[in-house]
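Residues per chain, in single letters:
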Amino acid sequence: MIQDLTAGDSRKVLLQYTIPMFISVAFQQIYNIADSMIAGKFAGKEALAAVGASYPITMIFMAAAVGCNIGCSVVISQLFGARSYRKMKTAVSTTLLTGFLLSVFLTAAGLLTTPAMMRMIQTPDNIFADGALYLRIYIGGFVFLFLYNITTGMFNSLGDSKTPLYFLIGSSIGNILLDLLFVAVFHWGVAGVAWATFIAQGAACVLALLAFFRRLAEVKAEGKAELFSLPILKKIALVAVPSILQQSFISIGNIFIQGLVNSYGSDVIAGYSAAVKLNTFIITGLTTLGNGISGFTAQNLGAGLPGRIREGYRAGIRMAVCVTIPFFAGFFFFGKAMMLLFMENTGGQAMETGILFLRIVSPFYFVIAVKLIADGVLRGTESMRYFMIATFTDLILRVILAYLFSAWFASAGIWMSWPAGWCVGTILSSLFYGKVIKRIEEKAP
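Just so it is clear, the model here is predicted, and its values are computed rather than measured.

About the criteria used
Residues numbered from 1 in each chain as written. Predicted model: local features only at pLDDT ≥ 70, side-chain atom pairs only at ≥ 80, totals over all residues. Heavy atoms only, no water. Helix = DSSP H or I, 4+ residues; strand = E, 2+ residues; numbered from the N terminus. Rg over C-alpha atoms; globule rule 2.2 N^0.38 Å. Buried < 20%, exposed > 50% of the residue type's maximum accessible area, 1.4 Å probe, protein only. Contact = heavy atoms within 4.5 Å. Core = buried A, V, L, I, M, F, W, Y, C linked by side-chain atoms within 4.5 Å. Phe/Tyr/Trp six-rings, centres within 6.5 Å; stacked < 30°, edge-to-face > 60°. 1 Å grid on protein atoms, 1.4 Å probe; cavity = no way out; pocket = protein on both sides within 12 Å on 5 of 7 lines; lining within 4 Å. Points joined across faces, edges and corners; volume = space filled by probe spheres on them. Nonpolar A, V, L, I, M, F, W, Y, C, P; charged D, E, K, R; others polar. Axes fitted to C-alpha atoms, helices over the stretch in contact; angles between N-to-C directions. Parallel < 35°, antiparallel > 145°, perpendicular 65-115°, else oblique. Left-handed = near helix turned anticlockwise from the far one by under 90°. Patch = residues over 30% accessible without salt bridge, like charges linked within 9 Å, V, L, I, M, F, W, Y side chains within 5 Å. Areas by Shrake-Rupley, 256 points an atom, 1.4 Å probe, with all protein chains shown as cover. Salt bridge = Lys/Arg side-chain N within 4 Å of Asp/Glu carboxyl O. pLDDT = per-residue confidence, 0-100. Polar contact = N/O pair within 3.5 Å; in protein donor to acceptor, adjacent residues only side chain to side chain. Lys, Arg positive; Asp, Glu negative; His and termini not counted. Charge placed at Lys NZ, Arg CZ, Asp CG, Glu CD.

Broken down by element type, the protein chain carries 16 helices and 0 strands. In summary, the protein chain has a C-alpha radius of gyration of 21 Å against a globular reference of 22 Å for 445 residues, a match within 12%. Once the C-alpha set of the protein chain is aligned to its principal axes, its extents read approximately 65 × 40 × 35 Å. Looking at the 445 residues of the protein chain, the share that counts as buried comes to 60%. Sequence-distant contacts, at least 24 apart, represent 84% of the contacts inside the protein chain between residues at least 6 apart.

Shown next, in the form of structure tokens:
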């Protein structure tokens, strides 16, 4: 259902809008975790490490999809909020055409460079072949992943965060069932995990596109919309490109960190791979709340309602803190139980590595929650320079400190770099939010 985010109680509207988005990403992360769980339980520790070793590379490709999702969502939200429906439809078709061409190019480039990328992150020889195989199959289905993410962003920009949830639930359940079939029954190992993801994402993409076109037809516009508009593409790129760069630099930073982790051997890789999947669950969830704030901010900015932007920010902080509490408690106090989702052995270096990672980073989820909500406002107001400064400072600091701290504290030093970067980034994002919201309110009539 299409929803106007510029009317009604801000807190209630934002809650109704963002809860389906959060549940959607929760299901997405569940089947990502299921990949690692099933690989570790049924194919062994080496298979878990192989899937985990290629993870930061897959995140580079995901960065492009998420960046385009954010770019089109912000622009389409602003046009929808301003009731410019013809331009909004042009923005939709421009996004889909550009996104398809970009995803095909990235797929071809990724398939050609898979071995080089795996060597770049110093993948150990005993998991190299499986890691490369998983990565090739994943990249082969990237067009589906890319277009699905764009379609989700367009649904959200129309205030409809429920429809993507239904597709995600179906895709997640299908992915887990296929994982079990391919890995536990057919014994395809890492290839089975990858093919399950490929098929589930492909089905979700096709169904989501069909549903979106039906939903878009409900929006009546005066005159026929253009199929492609270069000015609108430039406007989308102003938000999408910095978002892609931000996501890509995070992924590149993770590649440096993964290379550092890989130097400690497959046991540390396996422990880190499991723990970072759990960590990614909460971080991605908070990022999704931030994306919801972006859509809410953009619609209200387009409608000329700056007061609702500040209300949305405060409501977003409260929601983020509420979401963070159970994850902190689970990871900090019950880290061993969380790690047993991925491993059979209750002891050993892999288990110790994962538990230590979770205990070091989980108390700082409350800090990064504030940053990600502030970033949502910065993106929704197209304040991308501030957004990039805060994000890149966090990233660069984390990578530098990971190398410095690891020289003193071994692998534990790598995990210590996360809180340091998050704290500095949060301070910057919060200061920039205050500056931007003050400027918008001063310009308001």
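Another aspect to go through is the nonpolar core. Judged by nonpolar contacts, the single largest core of 139 residues is most densely connected at Leu286, Phe357, Trp415 and Trp418. Dropping the residues within four chain positions of it, Leu286 is found in contact with Ala320, Val323, Thr324, Tyr365, Ile368, Ala369 and Leu372.

To continue, consider the packing of aromatic side chains. Per the counting criterion, the structure on display carries 27 aromatic pairs. Arranged with centres 5.2 Å apart and planes meeting at 5°, the rings of Tyr272 and Trp415 form a pair that is stacked. You can see Tyr272 sitting in helix H10 (residues 266-302) and its partner Trp415 sitting in helix H16 (residues 411-443), a full 143 residues away along the chain. An identical accessibility class is assigned to Tyr272 and Trp415; each is buried. Taking the centre distance of 5.4 Å and the plane angle of 75° together, the rings of Phe357 and Trp415 count as edge-to-face. Here Phe357, found in helix H13 (residues 349-361), pairs with Trp415, found in helix H16; they are 58 residues apart in sequence, far enough to count as distant. Overall, Phe357 belongs to the buried group, its relative accessible area being 0%. Ring pairing ties together the aromatic residues Phe281, Phe327, Phe331, Tyr365 and Trp422, which thus form one cluster.

With that settled, consider the layout of surface pockets. Taken as a whole, the second largest pocket encloses approximately 150 Å³ of empty space. If you go around the second largest pocket, the residues you meet are Ile60, Phe61, Ala64, Leu102, Leu106, Ile244 and Ser248. For the lining of the second largest pocket, the element with the highest residue contribution is helix H3 (residues 55-81), accounting for 3 residues. For the lining of the second largest pocket, the class distribution of residues is 6 nonpolar, 1 polar and no charged.

Take the packing of H10 against helix H14 (residues 365-380) next. Orientation of H10 relative to H14, taken along the N-to-C sense of each, is 30°, at an axis distance of 7 Å. Taken together, the axis directions place H10 and H14 in an arrangement best described as roughly parallel. By crossing handedness, the relation of H10 to H14 is classed as right-handed. Class assignment of the residues belonging to the contact of H10 with H14 gives a composition of 13 nonpolar, 8 polar and 1 charged.

Below, the discussion takes up the packing of helix H4 (residues 85-120) against helix H5 (residues 125-140). Close contact between H4 and H5 brings their axes to 9 Å; oriented N to C, the two are set at 165°. In terms of orientation, H4 and H5 fall into the roughly antiparallel class. Regarding H4 and H5, the two cross each other, and that crossing is right-handed. Every residue of H5 that contacts H4 at Thr107, Gly110, Leu111, Thr114, Pro115, Met117, Met118 and Arg119 is listed here: Phe128, Gly131, Ala132, Leu135, Arg136, Ile139 and Gly140.

The next thing to look at is a nonpolar patch on the surface. A cluster of nonpolar residues, Leu181, Val185, Phe186, Trp188, Trp195 and Ile199, forms a patch on the protein surface that exposes about 560 Å² of accessible area. Sorting the residues of the nonpolar patch by element identifies helix H7 (162-185) and helix H8 (190-216) as the ones contributing at least two each. Summarising the element assignment, Trp195 is placed in helix H8.

On average, the protein chain scores 85 in pLDDT, and the residues at 70 or more come to 97%. For the protein chain, helix H2 (residues 45-53) is the element with the lowest average pLDDT, namely 74, and H14 is the one with the highest, namely 93.

The residue Arg215 is located in helix H8 in this model. Here the side chain of Arg215 touches Asp160 through a polar contact of 2.2 Å, side chain to side chain.

Take a positive patch on the surface next. The grouping of Arg385, Lys435, Arg439 and Lys443 at the surface amounts to a positive patch. By secondary structure assignment, the location of Arg439 is in helix H16.

Here we take up unusual backbone geometry. In this structure, Glu382 is a non-glycine residue whose phi angle is positive, near 60°. With respect to the secondary-structure elements, Glu382 resides in the loop between H14 and helix H15 (384-409). Even without a glycine there, the phi angle at Ala410 is positive, about 60°. By the element assignment, Ala410 lies in the loop between H15 and H16. By relative accessible area, which is 36% here, Ala410 ends up partly exposed.

For the rest of this paragraph, the subject is the environment of Met384. Among the secondary structure elements, Met384 is positioned in helix H15. Remark: the alpha-carbon pair of Met384 and Ser243, spanning 141 residues in sequence, is separated by 8.0 Å. Sequence-distant contacts of Met384, that is, excluding residues within four places in its chain, are made with Leu238, Val239, Pro242, Ser243 and Arg379.

Right, let's get into the pattern of salt bridges. It is possible for side chains of opposite charge to pair when their charged atoms get near one another. Under the criterion given, the structure shown has 6 salt bridges. Two residues, Arg215 and Glu218, come together in a salt bridge whose shortest N-O distance is 3.7 Å. For Glu382, the salt bridge is made with Lys235, and the minimal N-O distance between the two is 3.5 Å. One end of the pair, Glu382, is in the loop between H14 and H15; the other, Lys235, is in helix H9 (residues 230-262), and 147 residues separate them in sequence. If you follow the salt bridges from partner to partner, you end up with Asp160, Arg215 and Glu218 in one network.

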